[in-house]
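Each chain, letter by letter, is given below.
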Amino acid sequence: MAEPEEENIQKQIDEIEAVSSIYEENWTVVDEAARIFCIRIVDQEPKWTISLQVTLPPEYPTVAPPVYQLNAPWLRGHERAALSNDLEEIYLQNSGECLLFLWVQKIQEFLQLKARSNGAAQHGHKGTDEAKAEHRASSISIHSPSQHVSLSEAHCQSSIDEDLPPMVHGDPLTDRRSTFQAHLAHVVTLKQVKMHLQKLYQNKKIAGATHNIYAYRIYCEDKRTFIQDCEDDGETAAGGRMLHLMQILDVRNVMVVVSRWYGGIQLGPDRFKHINNCARNLLVEEGYSEPAGEVSKSKKPKSKKGK
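Nothing here was measured: the structure is a model prediction, and the numbers come from that model.

For the structure shown, the criterion picks out eleven salt bridges. A salt bridge links Asp 250 to Arg 217; the shortest N-O distance between them is 3.9 Å. One end of the pair, Asp 250, is in the loop between helix 8 (238–249) and strand 10 (254–261); the other, Arg 217, is in strand 8 (residues 211–220), and 33 residues separate them in sequence. In this structure Asp 250 comes out as partly exposed when scored by relative accessible area, which is 31%. Its relative accessible area of 6% is what places Arg 217 among the buried residues.

Here it is in structure tokens:
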């Protein structure tokens, strides 16, 4: 197999693991050998649902896009053409990059616009002021701007020596005697990353885990860039896959550690699914990401919860 094709296959594997862990029950493997997959995208009103079926050619993502099909009985004519044009424009703007999450986000936005426009048509008898107020409320709830920490707090060269924000711990997941548990903390400096790891390893049970895989992303407001890194801790490629998940979710100023206690039975690829699922679930619980099927409103935690 040629080297570029091997690189494409690995990128496809990483993307599939990340996207499937996000959308879970709405993700279907149609034909794994032929690289055919389906994502069911649902708005809050189930009436507006689109199934995106994709076939990943060997040339994807470096030189070719996925072959896609949009399935929805109500999607016809100019609406289908407009959505297809949007997906193809995303490919042109992100040529060589993984596209599935970007496409799903665009379809979610399309469904929300469809639901709002349909709702406005059904309630056209309402007064103008009332309709405008509802529209403003709808817009705010769906498109509220991202809220980030202040410039001084996020400055990557900060020498702040404040008390660490609390680290929260997710529910353990056990499969065939192996147990996985995620831990999450808000971080804005590399110093905080190191301090959180030191504090976490003071727990003898966590320090004694077979693997403590972690990844972090810190956004530098002044440079408009990310500082990000990961650690496998002996679980080959697990840290990189978790960081890829965090990139797809576009989370920032957060670190996630997933501890695994090996139970003596090999899990194969399922171990990567469990690691990503534990990380994703805790990111959702703490408000860094929205549940599958919803467009993310903010990449900042809803509140700092003392746990």
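What follows deals with the sheet that holds strand 4 (residues 67–71). In a beta sheet, neighbouring strands pair by backbone hydrogen bonds and run either parallel or antiparallel. In space, the four strands of this open sheet follow the order 1-2-3-4, with antiparallel pairing throughout. The open sheet has two edge strands, strand 1 (27–31) and strand 4, and neither has a second partner. With strand direction ignored, the average angle separating the axes of adjacent strands in the sheet is 20 degrees. Here five bridges tie strand 3 (residues 49–55) to strand 4, and the two strands are oriented antiparallel to one another. Residue pairing across strands places Leu 52 opposite Leu 70, the latter belonging to strand 4.

Another point: the nonpolar core. Counting 57 residues, the largest nonpolar core has Ile 50, Ile 107 and Leu 283 as the members making the most contacts within it. The element that contributes the greatest number of residues to this core is helix 3 (residues 100–122), accounting for eight residues. Once you skip the residues sitting within four places of it in the chain, Ile 50 turns out to touch Ile 39, Arg 40, Ile 41, Leu 70, Asn 71, Ala 72, Trp 74, Leu 75, Leu 83, Ile 107, Phe 110 and Leu 111. Among the nonpolar cores identified, the runner-up in size contains 14 residues, and Val 187, Tyr 214, Ile 218 and Val 257 belong to it.

Thresholds applied
- Residues numbered from 1 in each chain as written.
- Predicted model: local features only at pLDDT ≥ 70, side-chain atom pairs only at ≥ 80, totals over all residues.
- Heavy atoms only, no water.
- Salt bridge = Lys/Arg side-chain N within 4 Å of Asp/Glu carboxyl O.
- Helix = DSSP H or I, 4+ residues; strand = E, 2+ residues; numbered from the N terminus.
- Buried < 20%, exposed > 50% of the residue type's maximum accessible area, 1.4 Å probe, protein only.
- Pairing = 2+ DSSP bridges.
- Axes fitted to C-alpha atoms, helices over the stretch in contact; angles between N-to-C directions.
- Core = buried A, V, L, I, M, F, W, Y, C linked by side-chain atoms within 4.5 Å.
- Contact = heavy atoms within 4.5 Å.

Everything listed here is a matter of geometry and, on its own, says nothing about what the molecule does.
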